[in-house]
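An overview of the molecular structure
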Amino acid sequence: MTLKRILYVEDEPLVQTIAKVALVKMGGFELRICDSGEEALKQVKAFAPQLILLDVVMPGLDGPATLQRLRQDPDVAVIPVVFLTANSDPADIARYIAMGALDVINKPYNPMTLAEQVRQIWAKYKA
């Protein structure tokens, strides 16, 4: 199955814009951007993404708390989640994977290669 629909949860407007260019204009994905974990929880069912890209550090409901809430809802619990974070400490990455994240992409990511990076993660997941 080809990856098409991505929900991206990110609170920084500049990072949202960069991701939109990288994933929509360059990557060809259909992207819905939510600026908070709370908004993502409200929109996830209607958008029905195949993959969720989730910022770790956000005000209010942070990435790990958002993932926990997603996993509690049987309608969306199976949607794979990839964290995006500037904290690339191996212990934190291991914790995110243990929480159920499919993978972790380090920030700042390269906008020129982000779409391919996401496709590679998806290919490993679907293999």
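Quick note: structure is the one above.
A brief look at the structure comes next. (Residues numbered from 1 in each chain as written. Predicted model: local features only at pLDDT ≥ 70, side-chain atom pairs only at ≥ 80, totals over all residues. Heavy atoms only, no water.)

Side note on the sheet that holds strand β3 (residues 51-55)
This is how the line gets drawn: In short, DSSP must find at least two bridges between two strands for them to pair. Counting from the N terminus, the helices are the DSSP runs of H or I reaching at least four residues and the strands are the DSSP runs of E reaching at least two. Between N-to-C directions, angles span 0 to 180 degrees; the directions come from axes that are lines fitted to C-alpha atoms, helices contributing only their stretch in contact.
Taken together, the 5 strands give an open sheet; going across it, the order is β2-β1-β3-β4-β5, and neighbouring strands pair in parallel fashion. The open sheet has two edge strands, β2 (30-34) and β5 (103-106), and neither has a second partner. Strand-to-strand twist in this sheet, taken as the mean axis angle between neighbours without regard to direction, amounts to 20°.

Topic: the packing of aromatic side chains
For the record, the criterion: Note on aromatic contacts: the rings of Phe and Tyr and the six-membered ring of Trp form a pair at centre separations within 6.5 Å, being stacked when their planes are under 30 degrees apart, edge-to-face when over 60 apart, and tilted otherwise. Note on classification: 1.4 Å probe, protein chains only; a residue is buried when its accessible area is under 20% of the maximum for its type, exposed when over 50%, partly exposed between these limits. Placement of a positive charge over a ring is assigned whenever Lys NZ or Arg CZ falls within 6 Å of the ring centre and within 35 degrees of the normal to the ring plane.
Under the defined criterion, the tally for this structure stands at 2 aromatic pairs. Each ring, one from Phe83 and one from Tyr96, has its centre 4.9 Å from the other, and the planes form 50°; the classification is tilted. Of this pair, Phe83 sits in strand β4 (residues 81-85) while Tyr96 sits in helix α4 (residues 90-99); the two residues are 13 residues apart in sequence, bridging distant segments of the chain. Accessibility assignment for this pair places Phe83 and Tyr96 in one class, buried. Taking 5.5 Å as the distance between ring centres and 45° as the angle between the ring planes, the aromatic pair formed by Trp122 and Tyr125 counts as tilted. Here Trp122 pairs with Tyr125, and both are found in helix α5 (residues 114-126), just 3 residues apart, close to one helical turn. The exposure class assigned to Trp122 is buried, which follows from its relative accessible area of 6%. Positioned above the aromatic ring of Phe47, the side-chain terminus of Arg5 is 4.2 Å from the ring centre.

Concerning unusual backbone geometry
The residue after Lys107, namely Pro108, is reached through a cis peptide bond having omega 0°. Looking at where Pro108 falls in the secondary structure, it is placed in the loop between β5 and α5. In this model, Ala48 sits at a positive phi of 50°, which is unusual for a non-glycine residue. Following the sequence through the fold, Ala48 ends up in the loop between α2 (37-47) and β3. Of the residues examined, Ala48 reaches a relative accessible area of 43% and is grouped as partly exposed.

Some words on helix α3 (residues 63-71)
Definition in use: Think of the arc as the fan of directions from the helix axis to the C-beta atoms. The criterion used for residue contact is that any of the two residues' heavy atoms lie within 4.5 Å. Here a polar contact is taken to be a pair of N or O atoms separated by no more than 3.5 Å, where protein atoms must pair a possible hydrogen donor with a possible acceptor and residues adjacent in sequence count only if both atoms sit in side chains.
Among the residues making up α3, those that are buried are Gly63, Pro64, Thr66, Leu67 and Leu70. Along the axis of α3, the buried residues cluster in a sector spanning 160°; they form a single face. Of the surrounding elements, those touching the buried residues of α3 are α2, β3, β4 and α4. You can read the cap of α3 off the contacts: a side-chain oxygen lies 2.9 Å from the backbone nitrogen of Ala65, and it is on Asp62.

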